[in-house]
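Descriptive analysis of the structure
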Amino acid sequence: MTGIDRPRRLRRTPALRRLVAETTLEPRHLVLPMFVADGLAEAREISSMPGVHQHTLDSLRKAAVEAVEAGVGGLMLFGVPLAEDKDAVGSKASDPEGILNRGLRALAAEVGDATVVMADTCLDEFTDHGHCGVVAADGSVDNDATLDRYVEMALAQAEAGADLLGTSGMMDGQVGAIRAGLDAAGHLDAGILAYAAKYASAFYGPFREAVASSLQGDRRTYQQDPANRLESLRELELDLAEGADIVMVKPAMSYLDILRDVADRATVPVAAYQISGEYAMITAAAERGWIDRRGAILESLTGIRRAGADIVLTYWATEAAHWLGQR
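Presented here is a report on the structure given in the accompanying data block. Keep in mind the model is a prediction, meaning the values are calculated, not measured.

1. Describing helix α2 (residues 57–70)
Compared with an ideal rise of 1.5 Å per residue, which puts 14 residues at 20 Å, α2 spans 20 Å between its outermost C-alpha atoms and is within 8% of the ideal. Summarising the contacts, the buried residues of α2 are in contact with β1 (30–37), β3 (53–55), β4 (74–80), α3 (99–111) and α11 (317–325). In the segment just after α2, Gly71 is the residue with positive phi, at about 100 degrees.

2. Brief notes about a nonpolar patch on the surface
Side chains of Leu10, Leu19 and Val20 sit close together on the surface and give an oily, nonpolar patch of about 300 Å² of accessible area. With respect to the helices and strands, Leu10 occurs in the segment before α1 (14–20). Judged by relative accessible area, which is 47%, Leu10 ranks as partly exposed.

3. Digging into the pairing of strand β8 (residues 246–250)
Most of β8 is tucked away: five of the five residues are buried. As paired strands, strand β7 (residues 191–198) and β8 are joined by four bridges and run parallel to one another. Residue pairing for β8: Ala194 is matched across the bridge by Val247. Sheet topology note: the β8/strand β9 (residues 270–273) ladder contains three bridges and is parallel. Each residue of the ladder has a partner; that of Val247, found in β9, is Val270. Each parallel crossover has a hand, and the one from β8 via helix α8 (residues 256–265) to β9 is right-handed.

Each value, and the rule that gives it
- Residues numbered from 1 in each chain as written.
- Predicted model: local features only at pLDDT ≥ 70, side-chain atom pairs only at ≥ 80, totals over all residues.
- Heavy atoms only, no water.
- Helix = DSSP H or I, 4+ residues; strand = E, 2+ residues; numbered from the N terminus.
- Expected span 1.5 Å × (residues − 1).
- Contact = heavy atoms within 4.5 Å.
- Patch = residues over 30% accessible without salt bridge, like charges linked within 9 Å, V, L, I, M, F, W, Y side chains within 5 Å.
- Areas by Shrake-Rupley, 256 points an atom, 1.4 Å probe, with all protein chains shown as cover.
- Salt bridge = Lys/Arg side-chain N within 4 Å of Asp/Glu carboxyl O.
- Buried < 20%, exposed > 50% of the residue type's maximum accessible area, 1.4 Å probe, protein only.
- Pairing = 2+ DSSP bridges.
- Right-handed = clockwise from strand over helix to strand, strands pointing away.

Next comes the structure, spelled out in structure tokens:
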């Protein structure tokens with residue numbers, strides 16, 4: 001046969017494939033979500049997320065050092081308070097002695113500027129009703145009252161040493177309110193990682209166990225409808241106008257089309273969150289021998305990068321970073 005195109009020439013050897021690869025995956029692209037829980041004597045594995053733990057302050061520091069030594073780009077911290085410390089307005093979220101702020105101080109002291117310390121700036125872990133904001137008398141989430149709490153929370157997190165604040169609550173105006181509050185208090189360098197497109201997903205299930213969620217009902221009045229696409233672009237434009245430093249799409253794997261849309265339009269770096277249910281699915285299938293675990297993990301992360309993510313939040317960040325460093 002003559003005169004035909006032969007793309008396979010550039011796939012013939014690993015060296016050739018590496019030379020012409022269009023998408024790279026490096027440890028610096030990865031962010032490790034971490035959970036620090038109050039009242040634990042030792043780290044506790046999350047049953048629906050094998051390999052992921054709720055940490056004590058000591059085990060948090062140790063895991064953070066391992067992640068940094070592997071080269072991960074950042075750490076995203078979630079707090080898990082004692083059940084008796086939850087209340088209607090999530091008071092412990094803005095308490096300097098609340099578990100999340102103590103964890104942030106521990107990370108900042110342990111790793112310093114060696115990585116980027118990020119905080120989840122949302123109330124759901126800290127409220128006794130499990131919603132991401134202040135609940136009004138009629139049972140709805142009061143958007144503007146919640147913004148006041150977010151500002152208080154953000155200030156406490158910035159004081160504790162967070163480099164980036166993750167606005168995951170999906171309240172209207174949250175980025176602008178937090179930016180104004182930070183600037184007024186002199187935290188001009190604290191950045192905002194805006195959850196620009198966060199969907200009401202069925203894949204959050206294991207995360208509810210990870211943070212000991214008290215949620216009754218759902219969050220569909222403030223998280224986005226999975227049926228909608230253009231709505232994400234509106235959310236993106238609003239967050240950019242309000243001062244977002246990085247924008248994020250969550251979940252990642254079921255929303256790669258949204259991620260591509262956002263990446264095509266964003267004027268700041270774009271992140272995507274490979275969430276708990278996505279982690280659990282691959283883990284469960286691998287445990288049963290149905291798929292190759294390492295191959296599936298790396299393929300999924302590469303796919304998220306290929307769709308447009310500059311940054312990928314993944315519970316495999318440290319492990320994948322070790323693999324990538326061995327290449």
